[in-house]
Amino acid sequence: MMAFENKSHLGYGIYTIPDISKILDLKYFKVQRLLNEYWDNRIASQLGQKYSWSDGKSKAVSFHTLIEFYTFFHLRESGITTSKILDAHQELSTMYKTVFPFANEKILHGLGTCGKKLVFQINEQIIINLDFTKQLNLLFVREFLKKIDFDESDLANRFWPLGKEKLVVIDPNHQFGQPTLIGTNILPLTICNLVKAKEPKKFIAATYGISEKHIDDAVEYCRKVA
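Everything numeric here is computed off the predicted structure, so don't read it as measured data.

Undergrad: Talk me through helix α7 (residues 188-196); I want residue IDs and the actual numbers.
TA: Among the residues of α7, Pro188, Ile191 and Cys192 are the ones counted as buried. In a view along the axis of α7, the buried residues occupy a sector of 100 degrees, so they form one face of it. Contacts made by the buried residues of α7 are with β10 (168-170), β11 (179-181), α8 (201-208) and α9 (212-225). Lys198 occupies a position one or two residues after α7 and carries a positive phi of about 70 degrees.

Undergrad: Account for the environment of Ser45, naming residues and giving values.
TA: As for its position among the elements, Ser45 is in helix α2 (residues 28-47). Accessibility expressed as a relative area gives 57% for Ser45, which makes it exposed. In this structure the side chain of Ser45 is engaged in a polar contact, spanning 2.8 Å, whose partner is the backbone oxygen of Arg42.

Undergrad: Describe the packing of helix α3 (residues 63-77) against helix α4 (residues 82-96), and please don't skip the residues or the numbers.
TA: Close contact between α3 and α4 brings their axes to 9 Å; oriented N to C, the two are set at 140 degrees. As far as their axial angle goes, α4 and α3 are oblique. At the point where α3 passes α4, the crossing takes the right-handed sense. Two secondary-structure elements touch here, α3 through Glu68, Phe72, Leu75 and Arg76 and α4 through Thr82, Ile85, Leu86 and His89. A per-class count over the contact of α3 with α4 returns 4 nonpolar, 2 polar and 2 charged.

Undergrad: Lay out the sheet that holds strand β3 (residues 59-61) with the relevant residues and their values.
TA: Pairing in this open sheet of 3 strands is antiparallel, and the strands run β1-β3-β2 from one edge to the other. Across the chains shown, the open sheet's two edge strands, defined by having one partner strand only, are β1 (15-16) and β2 (52-54). As defined by bridge partners, β1 adjoins β3 across 2 bridges and the pair is classed as antiparallel. Paired with Tyr15 across the bridge in β3 is Val61. Together, β2 and β3 form the strand contacts of α2, whose direction differs from that of β3 by roughly 55 degrees.

The rules we used
Residues numbered from 1 in each chain as written. Predicted model: local features only at pLDDT ≥ 70, side-chain atom pairs only at ≥ 80, totals over all residues. Heavy atoms only, no water. Buried < 20%, exposed > 50% of the residue type's maximum accessible area, 1.4 Å probe, protein only. Helix = DSSP H or I, 4+ residues; strand = E, 2+ residues; numbered from the N terminus. Arc of directions from axis to C-beta. Contact = heavy atoms within 4.5 Å. Polar contact = N/O pair within 3.5 Å; in protein donor to acceptor, adjacent residues only side chain to side chain. Axes fitted to C-alpha atoms, helices over the stretch in contact; angles between N-to-C directions. Parallel < 35°, antiparallel > 145°, perpendicular 65-115°, else oblique. Left-handed = near helix turned anticlockwise from the far one by under 90°. Nonpolar A, V, L, I, M, F, W, Y, C, P; charged D, E, K, R; others polar. Pairing = 2+ DSSP bridges.

The following block contains the structure:
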């Protein structure tokens, strides 16, 4: 059994179902189903792992579960059956000794499809969950990888929701993982509200010690998740 204690404190991030829905642009009911039926039920029982915490009314998850949700959802949208995705999650968890295989850089790089099958290629000779035909990389995985930073253990540690060319980042070490402007603890909504109030960009930039690009990207992010 792989030990991991999912705690609601700095460094893990805190994401409620509405947070996940907004950040990943997924429907609320789909996020709720993913968490209740799979991560807190089947996956948790397979790995002996608790993936969420609750105050009795609302549930929250960590940054790594947030990343896994995105991977799972888009694999499902690509036509892979839920059972095959869950089987792959369990197999990859065992192989790499991690309870977050869908947030692991090496694993995400190796994911692909063969028809309606989910495959994982370790190298040119070793492939799992396939019929030994050529691996086809998933476009969404390649694009998703461009938005993620990984730590020395290959686990995701930062997510750039608009892409790395923009200045909005999701980092579990800042503001409990809520979106912030890079290099600060400022929430995009804080800046967006000032823009809506017709405050001049130069005044906002000088007051908060940020660039006008920070301001533009904060507004873009808020529009995207509105």
